[in-house]
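Listed here are the chains, written in short residue letters.
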Amino acid sequence: MAVLTLAWKSLLNRRFTALLTLLSIALSCALLLGVERIRHETRQAFTQSVSGTDLVVGARSGAVNLLLYAVFHIGNPTNNISWQSYREIAAHPKVDWTIPISLGDSHRGYRVVGTSPDFFTYYKYGAKQPLDFAYGKPFEGVYEAVAGSEAAASLGYALDQEIVIAHGAGNVSFAEHGDKPFRLAGILAPTGTPVDRSLFVSLQGITAIHVGWQGGAPVPGLKIPASAAAKLAKEPSDITAFFVGLKSKLATFNLQRHINQYLQEPLTAALPGVALEELWGMMALAEKALMAMSFMVVLVGLTGMLSLMLSALNERRREMAILRALGANPWQILLLVVGESLFLTLSGILAGLLLLYALLWQAQPLIQNRLGLFLPINPPSSTEVMLMGAVLLAGLLAGLVPGLRAYFYSLADGMNIRV
Amino acid sequence: MEPPVVDLTGLAFTWRGAAKPILSIARLSLAPAERMFVKGPSGSGKSTLLGLVAGVNVPDSGSVRVLGQSLGGMGGSARDRFRADHMGVIFQQFNLLPYLSVVENVLLPCRFSRRRLAKASAQGDAKLEAERLLEHLDIGQGILHQRVSELSVGQQQRVAAARALIGGPELVIADEPTSSLDADRRRAFVELLFRECREAGSALMFVSHDSTLEPLFDRSVHLDEINGAG
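Rules behind the numbers
Residues numbered from 1 in each chain as written. Chains lettered and ligands numbered in written order. Predicted model: local features only at pLDDT ≥ 70, side-chain atom pairs only at ≥ 80, totals over all residues. Heavy atoms only, no water. Pairing = 2+ DSSP bridges. Helix = DSSP H or I, 4+ residues; strand = E, 2+ residues; numbered from the N terminus. Contact = heavy atoms within 4.5 Å. Axes fitted to C-alpha atoms, helices over the stretch in contact; angles between N-to-C directions. Polar contact = N/O pair within 3.5 Å; in protein donor to acceptor, adjacent residues only side chain to side chain. Core = buried A, V, L, I, M, F, W, Y, C linked by side-chain atoms within 4.5 Å. Buried < 20%, exposed > 50% of the residue type's maximum accessible area, 1.4 Å probe, protein only. Phe/Tyr/Trp six-rings, centres within 6.5 Å; stacked < 30°, edge-to-face > 60°. Domains from an automatic or database assignment. Salt bridge = Lys/Arg side-chain N within 4 Å of Asp/Glu carboxyl O. pLDDT = per-residue confidence, 0-100. Buried area = accessible area lost by both parts, 1.4 Å probe. Nonpolar A, V, L, I, M, F, W, Y, C, P; charged D, E, K, R; others polar. Patch = residues over 30% accessible without salt bridge, like charges linked within 9 Å, V, L, I, M, F, W, Y side chains within 5 Å. Areas by Shrake-Rupley, 256 points an atom, 1.4 Å probe, with all protein chains shown as cover. Right-handed = clockwise from strand over helix to strand, strands pointing away.

Visitor: Just checking my understanding: could you explain the sheet that holds strand E5 (residues 69-70) of chain B for this structure?
Guide: What holds strands together in a sheet is hydrogen bonding between their backbones, with the strands either parallel or antiparallel. Residue and element names in this part refer to chain B. Strand order across the open sheet formed by four strands is E2-E1-E4-E5, with antiparallel pairing between neighbours. For this open sheet the edge positions go to strand E2 (23-30) and E5, each flanked by a neighbour on one side alone. Two strands pair when backbone bridges link them, and strand E1 (residues 6-13) and E2 are joined in this way by seven bridges, in the antiparallel orientation. Bridge assignment links threonine 9 to a residue of E2, and that residue is arginine 27. Helix-sheet contacts for helix H1 (residues 46-54) involve E1, E2 and strand E4 (61-66), and the interaxial angle to E1 is about 120 degrees.

Visitor: Before we go on, may I ask you to explain the side chain of A:Thr207 in this structure?
Guide: By the element assignment, A:Thr207 lies in helix H7 (residues 203-209). Among the polar contacts listed, one links the side chain of A:Thr207 to the backbone oxygen of A:Leu203, at a separation of 2.8 Å.

Visitor: Help me understand the nonpolar core, please; the structure alone is not making it clear to me.
Guide: Of all hydrophobic cores here, the largest spans 80 residues; its most connected members are A:Leu323, B:Leu49, B:Phe112, B:Leu171 and B:Met205. Per-element tally for this core: the top contributor is helix H11 (residues 284-325) of chain A, with 11 residues. Sequence-distant contacts of B:Met205, that is, excluding residues within four places in its chain, are made with B:Leu28, B:Leu30, B:Met36, B:Val38, B:Leu49, B:Leu50, B:Val53, B:Leu171, B:Val172, B:Ile173 and B:Ala174. Formed by 39 residues, the second largest nonpolar core is a distinct cluster that contains B:Val103, B:Ala164, B:Leu181 and B:Val190.

Visitor: What am I meant to see in unusual backbone geometry here?
Guide: Glycine aside, the phi torsion of most residues is negative, and most peptide linkages are trans. Residue and element names in this part refer to chain A. Notably, histidine 73 is not glycine yet its phi reads approximately 55 degrees, a positive angle. One can find histidine 73 in the loop between helix H3 (63-70) and strand E2 (81-82). Phi is positive for arginine 108, which is not a glycine, with a value near 45 degrees. Secondary-structure assignment places arginine 108 in the loop between strand E3 (95-107) and strand E4 (110-115).

Visitor: Please clarify how the packing of aromatic side chains should be interpreted in this entry.
Guide: Working definition: an aromatic ring pair is given by the centre-to-centre distance plus the angle between the planes. If you walk through the whole model with that rule in mind, you get 21 aromatic pairs over all chains. Summarising the aromatic geometry, the rings of A:Phe119 and A:Phe120 are spaced 5.4 Å apart at their centres and angled 85 degrees between planes, so their arrangement reads as edge-to-face. Of the two residues, A:Phe119 and A:Phe120, neither departs from the other in class, the shared state being buried. With centroids separated by 4.8 Å and ring planes inclined at 90 degrees, the aromatic side chains of B:Phe194 and B:Phe217 adopt a geometry described as edge-to-face. With B:Phe194 in helix H8 (residues 183-200) and B:Phe217 in the loop between strand E8 (203-208) and strand E9 (219-222), this pair connects stretches of sequence that are 23 residues apart. Like B:Phe217, B:Phe194 is buried. Connected via pairs of aromatic rings, a cluster forms that spans A:Phe119, A:Phe120, A:Tyr123, A:Phe133, A:Phe139, A:Phe200 and A:Phe243.

Visitor: Looking at this model, I keep getting lost on the domain arrangement of chain A. Mind explaining?
Guide: The domain boundaries assigned to chain A delineate domain 1 (2-46 + 284-415) and domain 2 (55-270). Centre-to-centre separation of domain 1 of chain A and domain 2 of chain A, based on C-alpha positions: 52 Å.

Visitor: What am I meant to see in the environment of B:Asp175 here?
Guide: Residues and elements named next belong to chain B. Of note, aspartate 175 is situated in strand E7 (residues 171-175). Owing to a relative accessible area of 14%, aspartate 175 belongs among the buried residues under this scheme. Filtering out sequence-adjacent residues up to four positions away, aspartate 175 remains in contact with Ser47, Leu50, Ile90, Phe91, Gln92 and Val207. Only 3.0 Å separates the side chain of aspartate 175 from the side chain of serine 47, close enough to count as a polar contact.

Visitor: How should I be thinking about the pattern of salt bridges in this particular structure?
Guide: A side chain of one charge can pair with a side chain of the opposite charge if their charged atoms are brought near each other. Tallied over the entire structure, the rule returns 26 salt bridges over all chains. Between A:Arg324 and B:Asp80 there is a salt bridge; the shortest N-O distance is 2.9 Å. With one member in each of two chains, A:Arg324 in helix H11 and B:Asp80 in helix H2 (residues 76-86) form a pair that bridges those chains. For the pair shown, A:Arg324 and B:Asp80 are each scored as buried. The closest approach of N and O atoms between B:Arg35 and B:Asp218, which form a salt bridge, is 3.0 Å.

Visitor: Hey, could you run me through the confidence of the model for chain B in this one?
Guide: The predicted coordinates ought not to be read in detail in places where the model reports low pLDDT. Mean pLDDT over chain B: 87, with 99% of residues reaching 70 or higher. Model confidence for the complex: the whole-complex pTM is 0.74, and ipTM, which rates the interface, is 0.88.

Visitor: Hey, could you run me through the sheet that holds E7(B) in this one?
Guide: Residues and elements named next belong to chain B. Taken in spatial order, the five strands line up as E6-E7-E8-E3-E9 in an open sheet, and their pairing is parallel. At either margin of the open sheet sits one strand with a lone partner, and together these are strand E6 (87-90) and E9. With direction set aside, neighbouring strand axes in the sheet form an average angle of 15 degrees. The pairing of strand E3 (residues 35-39) with E9 spans four bridges and is classified as parallel.

Visitor: Can you walk me through the interface of chain A and chain B in this structure?
Guide: Quite often, the size of an interface is put as the accessible area lost when its parts meet. Taken residue by residue, the interface counts 25 residues in chain A and 27 residues in chain B. Here chain A packs against chain B, burying approximately 2,300 Å² in sum over the two surfaces, 64% of which is carbon and sulfur. If you look at where chain A meets chain B, you find two salt bridges. Between B:Glu104 and A:Lys9 there is a salt bridge, with the nearest N and O atoms lying 2.2 Å from each other. At the boundary of chain A and chain B, one finds seven residue pairs in polar contact (both at pLDDT 80 or more). Split by residue class, the side of chain A that touches chain B holds 13 nonpolar, eight polar and four charged.

Visitor: Can you walk me through the environment of A:Trp361 in this structure?
Guide: Locating A:Trp361 in the fold gives a position in helix H12 (residues 330-371). In the structure, A:Trp361 is positioned 13 residues away from A:Phe374 in sequence and 12 Å away in space, judged by C-alpha atoms.

Visitor: In this structure, what is going on with the environment of B:Gly88? I would like to understand it.
Guide: Residue and element names in this part refer to chain B. Within the secondary structure layout, glycine 88 lies in strand E6. The exposure class of glycine 88 is buried, given its relative accessible area of 2%. Separated by 79 residues in the primary sequence, glycine 88 and glycine 167 have C-alpha atoms spaced 9.3 Å apart. The contacts of glycine 88, once residues within four sequence positions are left out, are Arg116, Ala164, Pro169, Leu171, Val172 and Ile173.

Visitor: Looking at this structure, how should I read a nonpolar patch on the surface?
Guide: Residue and element names in this part refer to chain A. Taken together, the side chains of Phe16, Leu20, Leu23, Leu27, Leu355 and Leu359 make up a nonpolar region of the molecular surface, amounting to roughly 610 Å² of accessible area. Of all the elements in the fold, those that place two or more residues in the nonpolar patch are helix H2 (15-47) and H12. The element best represented in the nonpolar patch is H2, accounting for four residues. Structurally, leucine 23 is set in helix H2.

Visitor: Please clarify how the pairing of E7(B) should be interpreted in this entry.
Guide: Each regular strand carries side chains that alternate between the two faces of the sheet. All names here are of chain B. Burial analysis of E7 places five of its five residues in the buried class, which makes it a mostly covered element. The alternating pattern of E7 places Leu171, Ile173 and Asp175 on one face and Val172 and Ala174 on the opposite face, and all of these are buried. In the sheet, E6 pairs with E7 via four bridges, with the strands oriented parallel. Along E7, the bridge assignment pairs valine 89 with isoleucine 173. When E7 meets E8, the two strands line up parallel, connected through five bridges. Residue pairing across strands places leucine 171 opposite alanine 203, the latter belonging to E8. Running through H8, the crossover from E7 to the neighbouring parallel element E8 is right-handed.

Following this line, the structure appears as structure tokens:
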């Protein structure tokens, strides 16, 4: 212990360079932990884009593909499913609720999702959070719509905005349902999920705007007024997919098998959690590259410490000889040097952690507003503790380099002062 | 009769990589409280001799006995502990650790030796003992709280002497402690050192090439004459 207080005082004597080294370790640590936290939370947010839903059902395809179009509105469904199949499965005794969705239309680049009001009741994301309305309320009439937060914000829409839906998913469409405008009845609060970038209307609304259309285009010369179309639109003949909530989780695999073997129509039922994890796995490369880079930055920080200690070592050989003469053994000389690196690394890690929390605290609202990513201010996770341990270990190993040099110097120099 | 403080017999030492031994001493001993002057030009192996006596270096052959105990029979860290307990060392210059205060520098041996700490605190507080020693060595209260690097060379050497003497080690080893001092201060330093060694009951092994100090000592040894390897 005598040696550790000496290490501390020696470091204090070089406080300026020591502080710079500490700062570089702290910054690199904050980066590493920050990347880890963002990585973890994005993954969490991604894999919980939909939660509380037990099965996602669509036309026969792969689970990942189904998730991509049903949840993320990326790509196009392989096929639609019939309204009758949907009704039959929805009536299954083990099914608690269902949310049908119908895709295929858009508004100025944002997907329009036809769904039922149950969507606002049962759809959950993150830690089973329900959707919240920032303004307004769910659609009620045929020609009412609800916008996700990002869509509303970037289009500059407020309540009662008139919206014309275009046929197809692209940004530029020549087939617009201009004769049947929708009125914005509600705007959702941010969720950090694809919901933010979508608009929602009722299934009847989707049906109504397509009354008199055939094969994806209006029948020439046929004009049906909006009010008449609303009356004509009863039930859709088909939908794109639907979300299923079960009364008991235990029935999940049972029902999944039942749907996958559905005789009337080829269907696929996917477990959203599993499929989302699978989907995330495809993007893991970028995540790993980011982690590798922040490890590199930590190495740079520790290398800075190493070079500081090695350059100080030559000046400190005299100090080592004095301590040897006073009865310090070579191990204590080793401890003197390694203690310094341990102290620098440990306080660097703690300062980095502090910095991370300060940043989180400051940037949390901004990140949630801009990116829809909620970063909770939690105590360090076990992965983060392990990362910090790894940095400490690396710091210890880095300290062993000058430490062992000092050890061998002190054996070779003995009491001779070599400057 | 008390054993000699230092007793070297048949000693030979070769630096690693050197072709021939630098030291070869048939016999050299130092009685308790004796003050011995070891004279030799630089490069004659004076510092090597001190390293052997201190147990930092180990001889190729022969024995080094300090206070009746054979250093060769001890392990490395036992020798280090023995040195911490029984020896005080003063170097030519730059004796002090720049990041410690004057008093902390003097108290350094007490960090490495319980025995020295116990002896230094026999009168109460080790810190007071350090200040007492410093005062005896003409380091006044005003200097105690200065930075070590602001002290003059002479003051630094006297602080080093106080450090070597604290806790009353049986042996004080001084390696050219006066060579960085002005000629007129050398004698004063040596006399102060004598007085404190007498008070602490320490024997003194004083190595120097400066023969003007030689007559002050109980005994003088010319390394050239006893070193068969020279």
